[in-house]
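Secondary and tertiary structure notes
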Amino acid sequence: MNKNVTNLLKKLLVLSLAVAAAAPLCAMQGGDGAGAAAAAGAGGYQVPSLKELAARSAVRNNLRTRDGERLLIPAECEELINEVRRELNTQLIQAAVRGNAAVVRALLERGAAVNAVVAQGFYAGWTPLLFAAQRGHAAVVTVLLGAGANVNTVVAQSCYAGWTPLHFAAQDGHADVVQLLLGHGAAVNAANRVGWTPLLATVINGHADVVRALLGAGADKALHDVRGRTAAALARAHGHVDVARMIEQYQPEAAAAAAAAGPADDGAGPADDGAGP
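The following refers to the structure shown. Think of each chain on its own: its residues are numbered from 1, step by step along the sequence as written. With pLDDT at 70 or above as the cut-off, local features in this predicted model cover only qualifying residues; side-chain atom pairs require 80 or more to be listed or tallied, and sums for whole chains, interfaces and linings still use all residues. Only hydrogens and water are set aside when side-chain values are computed; all heavy atoms of the structure are taken into account.

**A closer look at the overall build of the protein**
- Starting at the N terminus, helices and strands are each numbered in turn, a helix being any DSSP run of H or I of at least four residues and a strand any DSSP run of E of at least two. The number of helices and strands found in the protein is 13 helices and zero strands.
- Reading the protein from its N end, one meets helices and strands in the order α-α-α-α-α-α-α-α-α-α-α-α-α.
- Expressed as a percentage of the 277 residues in the protein, the buried residues total 39%.
- Any two residues having at least one pair of non-hydrogen atoms within 4.5 Å are treated as being in contact. Taking the contacts inside the protein whose residues are at least 6 apart along the sequence as the reference set, 55% of them involve residues at least 24 apart.
- As displayed, the protein has an accessible area near 14800 Å², and 53% of this comes from carbon and sulfur atoms. Here's how the labels work: a residue is buried when its accessible area is under 20% of the maximum for its type, exposed when over 50%, partly exposed in between, all with a 1.4 Å probe on protein chains only. Note on areas: these come from Shrake-Rupley sampling with a 1.4 Å probe, and a residue is covered only by the protein chains present in the view.

This is the structure we're talking about:
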C-alpha cells in the first residue's frame, strides 16, 4: 500500500477512536437519565449529562471520575469533533484533487462532508466536486455525486466566479465527466459572471464530443456572453470552424426525432446463403 495512504489511514484511525471516545459524553444532551447510559463506561460512576456539566461552569474544569480522569466538558466535545471534521474535510478535498476515489469513499464513510469547502485563498469556496470535475476524475465524481454532492455548486469568487462543475469539465473536454454531471441534473445553461455557459466554455478548445453532449442535453446555442458572442462565433474565433458549423446546423427538433427513431435499419435483415442449417 502507498505510504501516504497508509499514513492517512493511521491518522483516520486515531481520529475515529477520538470521536468514538467522545461520543458517549457528547451525545448526552437530555435530562437526568442521560448520564446513566455512560455509567458503565466510567467505572460505575454516574456521569452527569452535558447539560448538567454546562450548568456547573464554575467548577467544570475540575470534574473528575472516581479514577481521577477528568470528564470531557461540552466545549471540549465540540472542539474535538470540529477538529476531526475539519481534518476529514481537508483530506477529502486533497483526495478529490489527486483523483483517489477509494480514499474519497473511505473519508465520506467516516463522516467527511461531501460539500466541504476550501476555507481561504484562491480556491476559497471550492468543493471536492469542483476539483474532481476540473481534473477529469470521473471515478471521484461518481462517488461524490452518489454521496449527494451539489452538482450545481458555484465558485463564488476569483476569475472563476460563477463557474460550476459542468463549466470546468466542459472546458477541458472531460466528456465522461460531462455525461455524469448532466445525468445528475447539472444546469446545462448556467452562466458565469461574463455570460459563459458550459457550451461557450468548451467551444474555445474545440471539444466536439462535449458540444454534442451539451446540445443534446438542451444547451441553448443562441445564448451569448456579455460581449455578444455566441458559441458558434467563439468557436470560429478560436479556429474551430467545424465545431462552429456543427453548432449552427444543429436543430433540436431534428435531433430529438432522430433519437426517437433509434438506429437506422436498412431492412435487409440477417444474411442467408441458402445453405440451411
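Here the narrative resumes.
**Thoughts on the nonpolar core**
- In this description, a nonpolar core means a group of buried Ala, Val, Leu, Ile, Met, Phe, Trp, Tyr and Cys residues linked to one another through side-chain atoms lying within 4.5 Å. Ranked by size, the top nonpolar core spans 60 residues in total, and within it Leu 144, Val 178, Leu 181, Val 203 and Leu 214 carry the most contacts.
- Every residue in contact with Leu 181, bar those within four places of it in the chain, is listed here: Leu 129, Ala 133, Val 141, Leu 145, Val 151, Pro 165, Leu 166, Ala 169 and Ala 186.

**Concerning the packing of aromatic side chains**
- Within 6.5 Å between ring centres, the rings of Phe, Tyr and Trp (the latter by its six-membered ring) count as paired, and their orientation is classed by plane angle as stacked under 30 degrees, edge-to-face over 60, tilted in between. In the structure shown here, the tally under the stated rule is 10 aromatic pairs.
- Aromatic side chains Trp 126 and Phe 168 sit 5.0 Å apart centroid to centroid with 45° between the ring planes, which places their arrangement in the tilted category. With Trp 126 in the loop between helix H4 (101–109) and helix H5 (128–135) and Phe 168 in helix H7 (residues 165–171), the pair connects residues that are 42 residues apart, well separated along the chain.
- Aromatic rings pair up to connect Phe 122, Tyr 123, Trp 126, Phe 131, Tyr 160, Trp 163 and Phe 168 into one cluster.

**Considering the packing of helix H8 (residues 175–183) against helix H10 (residues 208–216)**
- Lines are fitted to the C-alpha atoms to define the axes, a helix being fitted only along its stretch in contact, and any angle between axes, read from their N-to-C directions, falls within 0 to 180 degrees. The contact between H8 and H10 brings their axes to 9 Å, and the two run at 10°. In terms of their interaxial angle, H8 and H10 are classed as roughly parallel. On the side of H8, the interface is formed by Ala 175, Val 178, Gln 179 and Leu 182, while H10 contributes Asp 209, Val 210, Ala 213 and Leu 214.
- A class-by-class count of the residues in the contact of H8 with H10 yields six nonpolar, one polar and one charged. Note on angle classes: values under 35 degrees are labelled roughly parallel, values over 145 roughly antiparallel, values of 65 to 115 roughly perpendicular, and the remainder oblique. In the scheme used here, Gly and all other residues not listed as nonpolar or charged are polar, with Ala, Val, Leu, Ile, Met, Phe, Trp, Tyr, Cys and Pro taken as nonpolar and Asp, Glu, Lys and Arg as charged.

**Digging into the side chain of His 167**
- Along the chain, His 167 turns up in helix H7.
- Counted as a polar contact is a pair of N or O atoms within 3.5 Å, where, for protein atoms, one must be capable of donating a hydrogen and the other of accepting one, and residues adjacent in sequence contribute only when both atoms are in side chains. At 3.2 Å, the side chain of His 167 forms a polar contact with the backbone oxygen of Ala 190.

**Let's talk about H5**
- With seven of its eight residues buried, H5 lies for the most part within the structure.
- For H5, every residue scored as buried is listed here: Pro 128, Leu 129, Leu 130, Phe 131, Ala 132, Ala 133 and Gln 134.
- Note on H5: the residue one or two positions beyond its end, Gly 136, has a positive phi of about 75°.

**A look at the pattern of salt bridges**
- A side-chain nitrogen of Lys or Arg and a carboxyl oxygen of Asp or Glu constitute a salt bridge if their distance falls within 4 Å. Per the stated rule, a full pass over the model turns up three salt bridges.
- For the salt bridge of Arg 229 with Asp 225, the shortest nitrogen-to-oxygen distance reads 2.8 Å.
- Overall, the relative accessible area of 24% leaves Arg 229 in the partly exposed class.

**With respect to H4**
- Within the sequence span of H4, burial applies to Ala 101, Val 103, Val 104, Ala 106, Leu 107 and Leu 108.
- Phi for Gly 111, located one or two positions after H4, is positive at around 110°.

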